[in-house]
Amino acid sequence: MTIPHLFRCPISLDLFTDPVTLCTGQTYDRSSIEKWLAAGNLTCPVTMQTLHDPSIVPNHTLRHLINQWLQMGGGQHFDPNYLATIDSLSTLKHSLQSHEATLETKLQIVQKIHVVLRESPPASNCLIQLGFLPLLLKQLFGKAESKFSQVYVQFVEESLSCVQKLLLVGETESLNLLNEESKMESFIVLFEHGSCSIKKRLCHLVEVIISSSHETKELCSKLGKDDRLLREIISLVHHNSEASDAGVRAFSALCSTETNRKTLVQEGAINGLIAYISNALTRERSLAAIAMARIEQLLAIENSKDALINNPNGVYALVKMVFRVSDHEGSENAINSLMMICCDSLQAREEAICAGVLTQLLLLLQSQCSNRTKTKARMLLKLLRSKWAEELKHV
């Protein structure tokens, strides 16, 4: 049978039996490279680079592919185009791993990977099998550059885009690399100083980490305790930018645990969400309903009600969310939130009435919203009427 080039040891030219990889990214059969090193050679046989690290690492991916090839009768039913793709991607991987590669070279390699992912979605499995996801994560968070040059920003943006596509295939446990203190520091630095595109993609990573908590339990806990990260996400939500929606999604994911919710309130989450809703009221499409649901959730946390009432736009934003012509998403959350703050606060009741809550509730009752939402609206009207009657008695 003809042995594919990828499956041959560069030293013996025979089929790999125990493929191992050097620090240069080149793979050899274990017995062949051990003889080479035992003879006193301190270079990589193919690249002739000096080995700064003489350790060898088993190449499980290549061994798996060889086993597949052998099970299929030595290539009788093995797609030669698939082998060619594996060979090409393997070369890209070795180049990306090379310590000699410049940032410009790495950018070109990642751009090629991006093209492969865009033009051939099935190639994602090849990239996963070849270990590209952990490699890209190491490249991204190994050490943040001190200067955010245009090339570096492009490299990070392209790499994050590739990571985002590869995560759709799986292997979310690769993200546990961020448990290392230095890697998490790089993650935060990118969040603090990266472009709008970088911040959006990092927010997506936060979502993936939280939603994969079974595989990333320890990392989920770390994210919720990192004050710098939480402040950055709240800042994204607060400021009207392209990344605000991504910030709301990441924020919503972080709200999945009570511990995180308490920390978020302490870091000013209520003000951030109110700012987002206020900005969203003038936009045709937004995640205002999600932001409203998170406010209702956070109002169960100590000091959150005071934060909302003391925000100049707090009650007003909630009232405007009660009825919107475009849709009724968020209406019920807005009503529930108003009931929570109006029950014990005269200031909240007065502000709500001044902001037109009565009109909003009457419009909602005449709309096509659900019966449950209408029931909630009647409950809020009843609460405002009874509280108003109590106050008149004391006048």
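What counts and what doesn't
Residues numbered from 1 in each chain as written. Predicted model: local features only at pLDDT ≥ 70, side-chain atom pairs only at ≥ 80, totals over all residues. Heavy atoms only, no water. Core = buried A, V, L, I, M, F, W, Y, C linked by side-chain atoms within 4.5 Å. Buried < 20%, exposed > 50% of the residue type's maximum accessible area, 1.4 Å probe, protein only. Helix = DSSP H or I, 4+ residues; strand = E, 2+ residues; numbered from the N terminus. Contact = heavy atoms within 4.5 Å. Phe/Tyr/Trp six-rings, centres within 6.5 Å; stacked < 30°, edge-to-face > 60°. Lys, Arg positive; Asp, Glu negative; His and termini not counted. Salt bridge = Lys/Arg side-chain N within 4 Å of Asp/Glu carboxyl O.

As recorded in an unreviewed UniProt entry, the protein goes by RING-type E3 ubiquitin transferase and comes from Citrus sinensis.

Colleague: Summarise the nonpolar core; cite the residues concerned and give the values.
Modeller: Core analysis: the largest hydrophobic core is formed by 123 residues, its most contacted members being Phe141, Phe187, Phe251 and Ile341. Considering each element in turn, this core owes the most residues, nine residues, to helix H7 (residues 150-167). Excluding residues within four positions of it along the chain, Ile341 makes contact with Leu299, Lys305, Leu308, Ile309, Val315, Leu318 and Ala348.

Colleague: Can you explain helix H12 (residues 244-254)? Please cite residues and give values.
Modeller: Taken across its 11 residues, H12 has 10 buried, putting it largely inside the fold. If you check which residues of H12 are buried, you get Ser244, Asp245, Ala246, Gly247, Val248, Ala250, Phe251, Ser252, Ala253 and Leu254. Summarising the contacts, the buried residues of H12 are in contact with helix H9 (196-211), helix H10 (217-225), helix H11 (227-238), helix H13 (258-266), helix H14 (269-280) and helix H15 (288-298).

Colleague: How would you summarise unusual backbone geometry if you had to cite specific residues and measurements?
Modeller: You will see that Leu13, though not glycine, has its phi angle at about 65°, which is positive. Its place among the elements puts Leu13 in the segment before strand E1 (19-21). For Leu13, a relative accessible area of 51% puts it in the exposed group. Phi is positive for Asn303, which is not a glycine, with a value near 80°. Here Asn303 is to be found in the loop between H15 and helix H16 (304-310).

Colleague: Describe the packing of aromatic side chains, listing the residues and the values that go with them.
Modeller: One pass over the full model with this rule turns up three aromatic pairs. Pairing Phe141 with Phe187 gives two aromatic rings, centres 5.6 Å apart and planes at 55°, and the pair type is tilted. Of this pair, Phe141 sits in helix H6 (residues 132-141) while Phe187 sits in helix H8 (residues 181-193), and the two are 46 residues apart along the sequence. Aromatic pair Phe148 and Tyr152: ring centres 5.3 Å apart, planes at 90°, arrangement edge-to-face.

Colleague: Please provide a residue-by-residue account of the side chain of Asp226, values included.
Modeller: Topologically, Asp226 is positioned in the loop between H10 and H11. Look at Asp226: it is buried, it has no salt bridge, and the nearest opposite charge is Arg228 at 5.4 Å. Setting aside residues up to four positions removed in sequence, Asp226 forms contacts with Met184 and Ile188.

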